[in-house]
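Working through the structure, step by step
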Amino acid sequence: NRGLGLEFARQYAAEGWRVLACCRDPASAQELRGVASAGDVVVHALDVEDFAAIGRLASTLAGTSIDVLINNAGLFGPKVHAERDLRQSFGHVDYDIWSRVLRVNTQAPLRMAEAFVEHVAASEQRRIVNVSSAIGSIARTEGGLYAYRTSKAALNMVSATLARDLAPRGIRVMSVCPGWVRTRMGGA
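1. Some points on unusual backbone geometry
- One non-glycine residue, Arg 126, lies in positive phi territory at about 50°.
- With respect to the element layout, Arg 126 can be found in the loop between helix 5 (95–121) and strand 4 (127–131).
- A residue is classified by how much of its surface remains accessible, and Arg 126, at 29% relative accessible area, is partly exposed.
- For Leu 145, which is not glycine, the phi torsion reads 50° and is therefore positive.
- Its place among the elements puts Leu 145 in the loop between strand 4 and helix 6 (146–166).
- Judged by its relative accessible area of 17%, Leu 145 is buried.

This is the structure we're talking about:
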């Protein structure tokens, strides 16, 4: 309903795709509702931290094919420089925050893939796209940001493993890094 997800919905709708958009609170997603009113966009309530809700939505959408499943929901966690918050720094890690970031950024995309695999398998394009980040690169790490970095590194492994597991079904899985984007998470 904001940032990358909103722009994905906007651009896919503008290209004539039918978009099934998910957000925690559709009632407060004014911009997304605007996109929905202008195109073939259906908005569903979904909090990806609630794995049972993911299953319920998959059941509700039974029989609906999904060409491209984009797992875009993400949490950054505290930002040391912008917020002067050290809870992702060595010696100050908040393990509860780290657990939540891992659940949203790493586990939820896998749960989404499991719940919606039949929807994707029934489509023409058969794609699962996980939005990752170069910050999750092990080779390029700069230190700090433990929660976010490890969640995206783990997401990349989830994507690589899913790609192998789902290849026999003709489903392609990939991690993509959109680069820095001016969003609430990305900052000014």
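2. Details of the nonpolar core
- Counting residues in hydrophobic clusters, the biggest one holds 28 residues, and the most contacted among them are Leu 46, Ile 54, Leu 69, Phe 116, Ile 128, Leu 166 and Ile 171.
- Of all the elements in the fold, those that place two or more residues in this core are helix 3 (51–60), helix 5 and helix 6.
- For this core, the leading source of residues is helix 5, giving 11 residues.
- Ignoring any residue separated from it by four or fewer positions in sequence, one finds Leu 69 in contact with Met 112, Ala 113, Phe 116, Val 120, Arg 127, Ile 128 and Val 129.
- By size, the runner-up hydrophobic cluster in this structure holds 11 residues, among which are Val 19, Cys 23, Ala 29 and Val 41.

3. Overview of the packing of aromatic side chains
- The final tally for this structure, using the stated rule, is four aromatic pairs.
- Taken together, the ring pairs connect Tyr 95, Trp 98 and Tyr 146 into an aromatic cluster.
- Over the ring of Phe 51 we find Arg 103, and its NZ or CZ is 3.7 Å from the ring centre.

4. Observations concerning helix 2 (residues 30–38)
- Among the residues of helix 2, Leu 32, Val 35 and Ala 36 are the ones counted as buried. Down the axis of helix 2, the sector holding all buried residues measures 100°, keeping them to one side. Facing away from the buried surface of helix 2 by more than 90 degrees, the exposed residues are Gln 30, Glu 31, Ser 37 and Ala 38.
- At its buried positions, helix 2 is contacted by helix 1 (3–14), strand 1 (19–23) and strand 2 (41–45).

Analysis parameters
- Residues numbered from 1 in each chain as written.
- Predicted model: local features only at pLDDT ≥ 70, side-chain atom pairs only at ≥ 80, totals over all residues.
- Heavy atoms only, no water.
- Helix = DSSP H or I, 4+ residues; strand = E, 2+ residues; numbered from the N terminus.
- Buried < 20%, exposed > 50% of the residue type's maximum accessible area, 1.4 Å probe, protein only.
- Core = buried A, V, L, I, M, F, W, Y, C linked by side-chain atoms within 4.5 Å.
- Contact = heavy atoms within 4.5 Å.
- Phe/Tyr/Trp six-rings, centres within 6.5 Å; stacked < 30°, edge-to-face > 60°.
- Lys NZ or Arg CZ within 6 Å of the ring centre and 35° of its normal.
- Arc of directions from axis to C-beta.

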